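Spelled out from the first residue to the last, the chains are:
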Amino acid sequence: MWHTGCATFIACASISALVYIQQTCSQGDGSAPQVVPLTETVGRSADNSITVYTARERFRELYALYAGELTDLHGLMRGWCAKRQCLSDDLEIEATYMRVRAFKPHMLWEVSPHQGFTTMVLLSALKKNGFGRLISFDLMDKCRDGIPATLAEDRWTFVEGDFKAMYPKHLNTSRPDYLFLDSFHSYEFGRFYTTELFPAMGGGHLPVSLHDVYNPGFWNDKVTGRSSAYPDWMPNEEGLVVIDWLKDQPHVCGVYTLAKSRTDEQVKLHTDIRAIREGILGAGTGIRGVDGLDPTLYFELNC
């Protein structure tokens, strides 16, 4: 999930579900590749042997490792959210924080931070990492005044303007090794990501978080609610474009979501990880609660 070594995916896609089978590279001994379901991840240990984790085991490790930091994050964000808009679920925010802590990016791009909720979380993780910078891009500045100087310091830059027009210039000087995307959730933006932005990133390993893919509340940002033509379990318009693109990419790995709006298996995964979280952090802890949406799609490019 966080680091999967050499991997490719075979995908079977339908309008109602997307099932990935991960085929990891053999260990050079002529054996057939291991086949690992979506709910498992493959990493390499210190001796370069392949280790298979279930998502549940990996989240248990991460929650145990970062429990104290997450408690501190909750306290910081509760005060911040008392004055500003905070929309994301606690489980999703914690997963984002732990993902940045685990991947330890040197350059993180955030597209469309709005009032800065996720910006606070990303900066908190980078501060704990002890290195790394964040560039946040948005059409309007609604977040700069809300980010404490102790978090921003020299690790954060806000860039106001049209990301589509600006990103080539920043690629030349600040190429990211982590992308957090939460912009206009439309077909057009999905096409921009898959036909222009992702190919422009080059061949380096790139973790990506794409927010609101499995949000049952809307089809795209132009639609309030969904008609019966777009049922709750269906990825949004932007997400469908990206998922359709991902299934044809030869070097994609770590594809998962914590949303419980997909399949019975996904509901169980969400429930199990939520139980792991509460077993370590305690029930009733957090920022704004766990309501079960958790719509982010996580994946890695160029594995």
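Only a predicted model underlies this, so the values are computations on that prediction, with no experimental measurement involved.

### Points about the layout of surface pockets
And step 1. As a volume, the largest pocket reaches approximately 910 Å³.
And step 2. In terms of lining residues, the largest pocket is bounded by 42 residues, among which Ser112, His114, Asp182, Ser183 and His185 are the most central.
And step 3. Residues that form the lining of the largest pocket fall into these classes: 16 nonpolar, 13 polar and 13 charged.

### A short note on the packing of helix α1 (residues 55-81) against helix α2 (residues 90-103)
And step 1. The N-to-C vectors of α1 and α2 enclose an angle of 105°; their axes lie 10 Å apart at closest approach. Taken together, the axis directions place α1 and α2 in an arrangement best described as roughly perpendicular. Counted together, Arg58, Phe59, Leu62, Tyr63, Tyr66, Glu69, Leu70, Leu73 and His74 of α1 and Leu91, Ile93, Glu94, Ala95, Tyr97, Met98, Arg101 and Ala102 of α2 form the full contact between these two elements.
And step 2. Residue composition of the contact of α1 with α2, by class: twelve nonpolar, one polar and four charged.

### Structural notes on the pattern of salt bridges
And step 1. One pass over the full model with this rule turns up ten salt bridges.
And step 2. The salt bridge involving Lys268 is made with Asp272; its shortest N-O contact spans 2.9 Å. With Lys268 and Asp272 both in helix α8 (residues 264-281), this residue pair falls four residues apart, about one helical turn.
And step 3. By sharing partners, the salt bridges in this structure join Arg56, Lys268 and Asp272 into a single network.

### Some thoughts on the nonpolar core
The nonpolar side chains of a soluble globular protein tend to be buried, and buried together.
And step 1. Counting 43 residues, the largest nonpolar core has Phe59, Leu70, Met77, Met98 and Trp156 as the members making the most contacts within it.
And step 2. Elements with a minimum of two residues in this core: α1, α2, α3 (117-129), α4 (149-152), β8 (156-160), β9 (178-181) and α8.
And step 3. In terms of residues, this core owes the most to one element, α1, which gives eleven residues.
And step 4. Excluding anything up to four places from it in sequence, Met77 contacts Phe117, Met120 and Ile287.
And step 5. By size, the runner-up hydrophobic cluster in this structure holds 33 residues, among which are Val111, Met166, Phe198 and Phe299.

### Here we look at the environment of Gly239
And step 1. Mapped onto the elements of the fold, Gly239 is located in helix α7 (residues 237-246).
And step 2. Given the relative accessible area of 0%, Gly239 is considered buried.
And step 3. As for Gly239 and Thr296, which are separated by 57 residues in sequence, their C-alpha atoms are 9.6 Å apart.

### Observations regarding the state of the cysteines
And step 1. Under the defined criterion, the tally for this structure stands at one disulfide.
And step 2. The side chain of Cys253 participates in a disulfide bridge whose partner is Cys303; the two sulfur atoms lie 1.9 Å from each other. With the S-S bond torsion at -85°, the cross-link from Cys253 to Cys303 turns out left-handed. Taken together, the positions of Cys253 in strand β11 (residues 252-257) and Cys303 in the segment after β12 (297-301) put the pair 50 residues apart, joining distant regions of the chain.
And step 3. For Cys253, a relative accessible area of 0% corresponds to the buried category.

Conventions used here
- One numbering rule holds for all chains: residues counted from 1, following each sequence as written.
- Local features in this predicted model are restricted to residues of pLDDT 70 or higher, and side-chain atom pairs are both shown and tallied only at a pLDDT of 80 or more, whereas totals for entire chains, interfaces and linings draw on every residue.
- Side-chain descriptors were evaluated using all non-hydrogen atoms of the structure, hydrogens and water having been removed beforehand.
- The pocket and cavity definitions rest on a 1 Å grid over protein atoms only: a 1.4 Å probe that fits but cannot leave marks a cavity, an open set with protein on both sides within 12 Å along at least five of seven lines marks a pocket, and residues lining either have an atom within 4 Å of a point.
- Grid points are joined across faces, edges and corners, and a volume is the space filled by probe spheres set on the points.
- All amino acids are sorted into three groups, where Ala, Val, Leu, Ile, Met, Phe, Trp, Tyr, Cys and Pro are nonpolar, Asp, Glu, Lys and Arg are charged, and the leftover types, Gly among them, are polar.
- Comment: axis = line fitted to C-alpha atoms, over the contacting stretch for helices; angle = value between 0 and 180 degrees taken between N-to-C directions.
- Numbering goes from the N terminus for both helices and strands, where a helix is a DSSP run of H or I of at least four residues and a strand is a run of E of at least two.
- Working rule for angles: under 35 degrees goes down as roughly parallel, over 145 as roughly antiparallel, 65 to 115 as roughly perpendicular, anything else as oblique.
- Here, two residues are considered to be in contact whenever any of their heavy atoms come within 4.5 Å of each other.
- Think of a salt bridge as a Lys or Arg side-chain nitrogen and an Asp or Glu carboxyl oxygen that are within 4 Å of each other.
- In plain words, nonpolar cores are sets of buried Ala, Val, Leu, Ile, Met, Phe, Trp, Tyr and Cys residues tied together by side-chain atoms within 4.5 Å.
- The rule is simple: take the accessible area with a 1.4 Å probe, protein chains only, and divide by the maximum for that residue type; under 20% is buried, over 50% is exposed, in between is partly exposed.
- Whenever a pair of cysteine sulfur atoms sits within 2.5 Å, that pair is classed as a disulfide.

Spatial relationships are all this shows, so hold off on functional conclusions.
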